[in-house]
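Residue-level structural notes
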Amino acid sequence: MVKKFDIRHMPGMNIVAMLCFLVLYMPIVLLVIYSFNAGEALSIWEGFSFRWYASAWQNGGVQEAATRSLALAAIAATIATISGVLFALATTRGRQWKGQGLALAVVNQPLMVPEIVTAVGLLSFFSLLKVATGYTGMIYLVIAHSAFCIPFAYMPVRARLKGMDLSLEQAGADLYARPVEVFRYITLPQLWPGLLSGWMLAFVISLDNVVITEFVKSAGQETLPTYMLGQLRRRVTPEINAISTALLLVSVLFVVATYLLGRNRK
């Protein structure tokens, strides 16, 4: 009898896996530890302190960038989730339509194309619009983030729709409910865990984005990640570690919430 191949039983795989996790997460652990460093050095421990968290909290530039990042992420995630729900309904309800495969490829384009390529393309396109209209506001960042986040919001919603029992929706249609009423009273109550998971995933992706934001933003439109990048080019202090730890905490909370929603949905 031929044994099935199982990579977990290969000699040394446990050691390789541990080394990979060590290389991946040790820098993050050190970043969090040194965010509580009392001194200004990034690699010399001088005692435990919340000094840099207080400094970041009182920093006007950090407050402005953080407020802009949260607002941008919330708006972009909402637009991406609404778009993702509409497209998921179009691709999971009813018969397959002509061009559906191409539409799926276009929607998932941000996942397949290198982010720097998307950023350069958006920069060129929005530069033409800025010259033609004279407008340089935040709407360009909103559009860019929303478009980039659509596949991240679309995937959980589509997975939820694919796993739902159609009998209730069909029963509602048989009882003369309009499509809007079927969606509101039958589909949406079952869909909300996937919808919320998609929104949170899109929010985190938008909140952490650097490349597209750096290319698209205009003067005075710093988000928290681009603010941190600018500070790293000037003077590096453990305040950057404190801001990074706060961002990490937000991301972890959202990921854990998404996982819990997925588990409860099962």
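See the structure shown above.
Residues numbered from 1 in each chain as written. Predicted model: local features only at pLDDT ≥ 70, side-chain atom pairs only at ≥ 80, totals over all residues. Heavy atoms only, no water.

Here we look at the overall build of the chain
This is how the line gets drawn: Helix and strand labels come from DSSP, where a helix needs a run of H or I of at least four residues and a strand needs a run of E of at least two; each type is numbered from the N terminus. Accessibility here uses a 1.4 Å probe with only protein chains present; expressed as a share of the type maximum, an area under 20% marks a residue as buried, one over 50% as exposed, and anything in between as partly exposed. Contacts between residues were defined by any pair of non-hydrogen atoms, one from each residue, lying within 4.5 Å. Only the protein chains shown count as cover for residues, and the accessible areas themselves come from Shrake-Rupley with a 1.4 Å probe. Working convention for charge: Lys and Arg count positive, Asp and Glu count negative, and His plus the chain ends are omitted. For this purpose, a charge sits on NZ of Lys, CZ of Arg, CG of Asp or CD of Glu.
A count of helical and extended segments in the chain gives twelve helices and zero strands. Traced from its N-terminal end to its C-terminal end, the chain shows the element sequence α-α-α-α-α-α-α-α-α-α-α-α. Principal-axis analysis of the C-alpha atoms places the extent of the chain at approximately 70 × 70 × 30 Å. Here the chain holds 266 residues, and the buried ones make up 36% of them. At a minimum sequence separation of 6, the contacts of the chain that also span at least 24 residues come to 69%. Of the roughly 16,200 Å² of accessible surface on the chain, a fraction of 70% belongs to carbon and sulfur atoms. Taking the average location of the 21 positive side-chain charges in the chain and that of its 13 negative ones, the two points are 8 Å from each other.

Some details on empty space enclosed by the protein
For clarity, the threshold we go by: Within this scheme a cavity is a closed region of a 1 Å grid, computed over the protein atoms alone, that accommodates a 1.4 Å probe without allowing it to escape, whereas a pocket is open but has protein on both sides within 12 Å along at least five of seven lines; lining residues each have an atom within 4 Å of a point. Grid points are joined across faces, edges and corners, and a volume is the space filled by probe spheres set on the points. Under the convention adopted here, Pro, Cys and the residues Ala, Val, Leu, Ile, Met, Phe, Trp and Tyr are nonpolar, Asp, Glu, Lys and Arg are charged, and Gly plus all remaining residues are polar.
Scanning all chains against the criterion turns up one cavity of 30 Å³ or more. In this structure, the largest cavity spans a volume of roughly 40 Å³. Taken together, Ser69, Leu72, Ala73, His145, Ser206, Leu207, Asn209, Thr213, Thr223 and Pro225 form the lining of the largest cavity. Per-element tally for the lining of the largest cavity: the top contributor is helix α3 (residues 60-92), with three residues. The residue inventory of the lining of the largest cavity, partitioned by class, reads four nonpolar, six polar and no charged.

Thoughts on the environment of tyrosine 185
Selection criterion: Between N or O atoms, a polar contact is any pair within 3.5 Å; within protein, one atom must be a potential hydrogen donor and the other a potential acceptor, and residues adjacent in sequence are included only when both atoms are from side chains.
Within the secondary structure, tyrosine 185 is located in helix α9 (residues 179-208). The exposure class of tyrosine 185 is exposed, given its relative accessible area of 55%. On a C-alpha basis, the gap between tyrosine 185 and glutamate 169 in space is 9.4 Å, while along the polypeptide they are 16 residues apart. A polar contact is formed between the side chain of tyrosine 185 and the side chain of arginine 184, at a distance of 3.4 Å.

Re the layout of surface pockets
Of the voids in this model, the largest pocket is the one considered here, and its volume is about 400 Å³. Lining the largest pocket are 15 residues, and of these Trp57, Val62, Ala66, Leu224 and Ala246 lie nearest its centre. Broken down by class, the residue content of the lining of the largest pocket amounts to 13 nonpolar, two polar and no charged. If you add up the space inside the second largest pocket, you get close to 230 Å³. Lining the second largest pocket, in full, are Ile28, Leu31, Asp208, Val210, Pro225, Met228, Leu232, Ser244, Leu247, Leu248 and Ser251. Listing elements by their share of the lining of the second largest pocket, those giving two or more residues are α1 (13-34), α11 (224-232) and α12 (238-265).

Remarks on the packing of helix α6 (residues 115-133) against helix α7 (residues 139-163)
Applied cut-off: Axis definition: a line fitted to C-alpha atoms, over the contacting stretch in the case of helices. Angles run 0 to 180 degrees between N-to-C directions. Angle categories are assigned with fixed cut-offs, so that under 35 degrees is roughly parallel, over 145 is roughly antiparallel, 65 to 115 is roughly perpendicular, and the rest are oblique. The sense of a crossing depends on the near helix, which, turned anticlockwise from the far helix by less than a right angle, makes the crossing left-handed and, turned clockwise, makes it right-handed.
Between α6 and α7, the shortest axis-to-axis distance is 11 Å and the interhelical angle comes to 150°. Classed by the angle they form, the pair α6 and α7 counts as roughly antiparallel. When you trace α6 past α7, the crossing you get is right-handed. Residues Glu115, Leu122, Phe126, Leu129, Lys130 and Thr133 of α6 touch α7, and the partners they reach there are Tyr140, Ile143, Ala144 and Phe148. Taken together, the residues of the contact of α6 with α7 break down into seven nonpolar, one polar and two charged.

Considering the packing of aromatic side chains
Short version of the rule: Stacked, tilted and edge-to-face are the three classes assigned to paired rings of Phe, Tyr and Trp, where Trp is represented by its six-membered ring and a pair needs centres within 6.5 Å; plane angles under 30 degrees give stacked, over 60 edge-to-face, the rest tilted.
Throughout the structure, instances matching the rule amount to 13 aromatic pairs. Between tyrosine 34 and tryptophan 45, the ring centres sit 5.9 Å apart and the planes meet at 80°, which makes this aromatic pair edge-to-face. Highlighted residues: tyrosine 34 in helix α1 and tryptophan 45 in the loop between α1 and α2 (51-58), separated in sequence by eleven residues. The exposure class of tyrosine 34 is buried, given its relative accessible area of 18%. Ring geometry for phenylalanine 148 against phenylalanine 152: centres 5.8 Å apart, planes inclined by 50°, an arrangement best described as tilted. With phenylalanine 148 and phenylalanine 152 both in helix α7 and four residues apart, the pair spans about one turn of that helix. Taking relative accessible area as the criterion, phenylalanine 152 reaches 14% and is therefore assigned buried.

Re the pattern of salt bridges
Basically, it comes down to this: A pair is scored as a salt bridge if a Lys or Arg side-chain nitrogen falls within 4 Å of a carboxyl oxygen belonging to Asp or Glu.
Applying the stated criterion across every chain yields a total of four salt bridges. Arginine 51 is paired through a salt bridge with glutamate 40; the nearest N and O atoms lie 3.3 Å apart. Separated by eleven residues along the polypeptide, arginine 51 in helix α2 and glutamate 40 in the loop between α1 and α2 bring together distant segments of the chain. One salt bridge in this structure joins arginine 68 and glutamate 64, with 2.9 Å as the shortest N-O distance. Residue arginine 68 and its partner glutamate 64 are both found in helix α3; the two are separated by four residues, about one turn of the helix.

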